[in-house]
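The chain contents come next:
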Amino acid sequence: MSKTGRNAPCPCGSGTKYKRCCLDASSTQLGGTLSLRSIADALRLGLAAEGFEVKKIRLLSNDTYIVDFQTAHTSPIDLKSEVARIIGFLHGFFHENPLVSIQVSHLGAQAHGADGKPLLHAVSSRHAAEHLANGRSIEWLNGTVFQDHTQEFRHALAKRHIAELENGLRALISKTLSTTTGSDWWERCVTDKVRKATKDMHERQEGFNTADGEILINFTYMRDLQAIIVANWSDFSDVFEDRQSFSVLLDQLNCIRRREAHNRAIDDQALEELDSIYKRLMGSIAAVLPEASSTYLLDNWRRRLSDAFEESAQAEVNLSPGVPFDVAFAAVQRQVEHYQDLLTRVSGINPPPKMQSLHDELMSHLARVRATLEEMVHHALSLNAEAIETTQTKFEAASKQLLDFRTKYLMTVL
């Protein structure tokens with residue numbers, strides 16, 4: 001194999017000269033492979049040549065490269081196009097590159113706006129990224145996990161939450177008042193003003209008259225629903241905390257609803273406020289009427305698992321010779337306790353019925369990681385270096401399975 005000249009293009013694929021890229025690193029690496037710093041530098045230079053403003057390049061769990069970059073775009077379509085170009089570049093760099101010894105399983109990119117806030121995050125497996133090299137963008141989209149933070153996404157999320165709350169409150173009112181008052185609840189429990197307004201709206205939209213409350217309730221606004229519940233509070237006092245707190249939540253919800261309806265910007269504070277209102281109201285509705293809040297139950301389960309699963313996926317233990325034994329041993333013991341706490345928390349979460357099998361699989365992944373850590377502690381106490389190394393490999397494999405499970409299910413299906 002001929003020697004690469006100092007002024008020749010760097011074989012790492014960065015697009016710059018060898019002397020300005022990997023010459024120094026290659027002379028110090030065993031087997032001529034690139035150091036992690038040299039890989040990051042090569043990626044940064046190559047992406048800069050492609051016109052990207054790279055903010056940071058991250059290596060997660062020792063097998064996932066993420067490129068953070070700044071963009072002037074705000075449209076999800078434009079952002080996905082940029083993300084695709086970056087992930088395609090990463091795939092080209094790592095594909096059969098003899099200078100890279102690290103085993104990379106996932107590639108990703110995160111776009112940031114001018115204000116530094118994230119707009120779009122995408123992670124692809126190496127297999128999914130290969131579709132980009134073959135021009136199969138649809139297959140790449142189907143095999144990639146996206147987390148969207150654009151205004152379009154915020155509006156869509158706000159619209160979904162508000163619609164679910166409206167429909168949940170309508171179903172709750174209909175069921176509760178028909179049970180406590182009877183089939184004529186619409187005439188007896190709803191004010192003349194609300195009945196007339198909804199009747200007129202129904203006639204304008206549907207072209208015929210009706211006095212059926214089960215139909216007209218679907219033509220009410222949030223303010224109407226608030227008024228009906230407050231006016232009949234004795235029938236709903238067991239569902240919501242108290243009348244004043246309920247009214248405050250509905251007033252806040254109406255402010256966000258107007259912002260969404262008139263396509264005004266929805267910032268982080270408004271989205272967090274909406275999420276808090278959604279959890280509190282839908283949690284109360286779900287306790288009485290689970291069939292009207294199946295989406296809430298699913299989202300709530302996923303949300304409660306998300307933080308614990310994120311911690312688990314990022315947990316790492318390194319018992320390499322360079323780490324003092326007492327430090328490494330203490331780290332492993334802490335991780336055993338950490339995973340035991342996670343298992344306790346996860347076992348206390350009740351999943352929706354259709355997600356029971358995935359919940360059980362998550363439990364098994366967590367238990368497997370904890371078991372390998374306990375095995376590591378056992379071998380460390382007996383000072384069995386060979387067994388420690390073998391168990392370290394088992395731990396890394398179990399941790400990767402946990403990360404793959406998260407990528408495949410917790411960020412997509414659930």
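All figures in this text were calculated on a predicted structure; none of them were measured in a lab. (Residues numbered from 1 in each chain as written. Predicted model: local features only at pLDDT ≥ 70, side-chain atom pairs only at ≥ 80, totals over all residues. Heavy atoms only, no water.)

Chemist: What is the right way to look at the overall build of the protein in this model?
Modeler: Counting its secondary structure elements, the protein contains 16 helices and five strands. When each of the 414 residues of the protein is scored for burial, the buried share is 45%. Taking the contacts inside the protein whose residues are at least 6 apart along the sequence as the reference set, 60% of them involve residues at least 24 apart. Looking at the protein as shown, the accessible area adds up to about 21700 Å², and 50% of this sits on carbon and sulfur atoms. (Helix = DSSP H or I, 4+ residues; strand = E, 2+ residues; numbered from the N terminus. Buried < 20%, exposed > 50% of the residue type's maximum accessible area, 1.4 Å probe, protein only. Contact = heavy atoms within 4.5 Å. Areas by Shrake-Rupley, 256 points an atom, 1.4 Å probe, with all protein chains shown as cover.)

Chemist: Help me understand the pattern of salt bridges in this model?
Modeler: Pairs can form between side chains of opposite charge once their charged atoms are near each other. Counted under the stated rule, the structure contains 14 salt bridges. Residue Asp184 is joined to Arg188 by a salt bridge in which the shortest nitrogen-to-oxygen separation is 3.7 Å. Several salt bridges share partner residues, and in doing so they unite Glu187, Asp192 and Arg195 into one network. (Salt bridge = Lys/Arg side-chain N within 4 Å of Asp/Glu carboxyl O.)

Chemist: Can you help me understand the confidence of the model for the protein in this one?
Modeler: When pLDDT is low, close inspection of the predicted coordinates is not appropriate. The pLDDT averaged across the protein works out to 81; a share of 82% of its residues lies at or above 70. At the level of individual helices and strands, the protein shows its lowest average pLDDT in helix α1 (residues 23-28), which scores 46, and its highest in helix α7 (residues 185-189), which scores 96. With pLDDT under 50 throughout, residues 25-31 is counted as low confidence; its partners more than four residues away or in other chains account for seven contacts. Every residue in residues 312-319 is under pLDDT 50, and counting partners more than four places away or in other chains gives 32 contacts. (pLDDT = per-residue confidence, 0-100.)

Chemist: When you look at the pairing of strand β4 (residues 118-125) in this model, what are you seeing that I'm missing?
Modeler: The side chains of a regular strand alternate between both faces of the sheet. Within β4, six of the eight residues are buried, leaving the element largely enclosed by the surrounding structure. Here strand β3 (residues 106-112) pairs with β4 via seven bridges, running antiparallel. Following the sheet pairing, Gly108 is matched in β4 by Val123. The loop that links β3 with its antiparallel partner β4 comprises five residues; one of these, Gly116, has a positive phi angle of about 85°. (Pairing = 2+ DSSP bridges.)

Chemist: Explain the environment of Ala270 here, please?
Modeler: If you trace the backbone, Ala270 turns up in helix α12 (residues 268-288). Sequence spacing of Ala270 and Ala158 is 112 residues, and the spatial spacing of their C-alpha atoms is 9.3 Å. In this structure Ala270 touches Ile256 and Arg259, once residues within four positions along its chain are discounted.

Chemist: Explanation requested: the nonpolar core in the structure shown.
Modeler: The nonpolar side chains of soluble globular proteins are, as a tendency, buried together. Counting 37 residues, the largest nonpolar core has Ile173, Phe240, Leu253 and Leu281 as the members making the most contacts within it. Residue contacts for Leu281: discarding those within four places in its chain leaves Leu165, Phe240, Phe246, Leu249, Leu250 and Leu253. Judged by nonpolar contacts, the second largest core, of 33 residues, contains Leu34, Val83, Leu120 and Trp140. (Core = buried A, V, L, I, M, F, W, Y, C linked by side-chain atoms within 4.5 Å.)

Chemist: Please clarify how the packing of aromatic side chains should be interpreted in this entry.
Modeler: Each aromatic ring pair is characterised by the separation of its centres together with the angle its planes make. Counted according to the given criterion, the structure contains seven aromatic pairs. Aromatic side chains Trp185 and Trp186 sit 5.7 Å apart centroid to centroid with 90° between the ring planes, which places their arrangement in the edge-to-face category. Judged by its relative accessible area of 1%, Trp185 is buried. Of the residues examined, Trp186 reaches a relative accessible area of 3% and is grouped as buried. (Phe/Tyr/Trp six-rings, centres within 6.5 Å; stacked < 30°, edge-to-face > 60°.)

Chemist: Would you explain the environment of Gln205 in this entry?
Modeler: Position of Gln205 among the secondary structure elements: in helix α8 (residues 192-206). Taking the C-alpha atoms as reference, Gln205 lies 9.6 Å from Phe219; in sequence the two are 14 residues apart.

Chemist: Could you clarify how one ought to interpret the packing of helix α6 (residues 151-180) against α12 in this entry?
Modeler: How two helices pack is summed up by the angle between their axes together with the distance between the axes. Between α6 and α12, the least distance of the axes is 10 Å, while the angle of their chain directions is 25°. In terms of orientation, α6 lies roughly parallel with respect to α12. In this structure, α6 crosses over α12, and the sense of that crossing is left-handed. Touching Arg154, Leu157, Ala158, His161, Ile162, Glu164, Leu165, Gly168, Leu169, Leu172 and Lys175 of α6 are Asp268, Leu271, Leu274, Asp275, Tyr278, Leu281, Met282, Ile285 and Val288, all from α12. Residues of the contact of α6 with α12, tallied by class, amount to 13 nonpolar, two polar and five charged. (Axes fitted to C-alpha atoms, helices over the stretch in contact; angles between N-to-C directions. Parallel < 35°, antiparallel > 145°, perpendicular 65-115°, else oblique. Left-handed = near helix turned anticlockwise from the far one by under 90°. Nonpolar A, V, L, I, M, F, W, Y, C, P; charged D, E, K, R; others polar.)

Chemist: In this structure, what is going on with the packing of helix α2 (residues 36-49) against helix α3 (residues 76-94)? I would like to understand it.
Modeler: The N-to-C vectors of α2 and α3 enclose an angle of 130°; their axes lie 11 Å apart at closest approach. Viewed along their axes, α2 and α3 adopt a mutual orientation that is oblique. As α2 runs across α3, the sense of the crossing is right-handed. Along its contact with α2, which presents Ile39, Ala42, Leu43, Gly46 and Leu47, the element α3 presents Ile86, Phe89, Leu90, Phe93 and Phe94.

Chemist: Help me understand the side chain of Ser105, please; the structure alone is not making it clear to me.
Modeler: With respect to the helices and strands, the residue Ser105 is situated in the loop between α3 and β3. Here the side chain of Ser105 touches His106 through a polar contact of 2.9 Å, side chain to side chain. Leaving out residues up to four positions away in the same chain, Ser105 has contacts with Asp63, Thr64, Ser124, Ser125, Arg126 and Lys400. (Polar contact = N/O pair within 3.5 Å; in protein donor to acceptor, adjacent residues only side chain to side chain.)

Chemist: Please clarify how unusual backbone geometry should be interpreted in this entry.
Modeler: Note: most residues except glycine have negative phi, and most peptide bonds are trans. A positive phi angle, close to 50°, is found at Glu96, a residue other than glycine. With respect to the helices and strands, the residue Glu96 is situated in the loop between α3 and β3. With phi around 55°, Asn263 is a residue other than glycine that occupies positive phi space. Structurally, Asn263 is set in the loop between α11 (243-261) and α12.

Chemist: Please clarify how helix α10 (residues 222-231) should be interpreted in this entry.
Modeler: In an α-helix, one full turn covers 3.6 residues, which means residues spaced three or four apart are oriented alike. Buried residues of α10: Met222, Asp224, Leu225, Gln226, Ile228 and Ile229, and no others. Here the buried face of α10 lies against α6, α8 and α11.

Chemist: Quick question: what am I supposed to make of α2 here?
Modeler: Taking 1.5 Å per residue as the helical rise, α2 with its 14 residues ought to reach 20 Å, and the 20 Å between its terminal C-alpha atoms agrees with that figure. Those residues of α2 not exposed but buried are Ser38, Ile39, Ala40, Ala42, Leu43, Gly46 and Leu47. Two residues or fewer after α2 comes Gly51, characterised by a positive phi angle close to 95°. (Expected span 1.5 Å × (residues − 1).)

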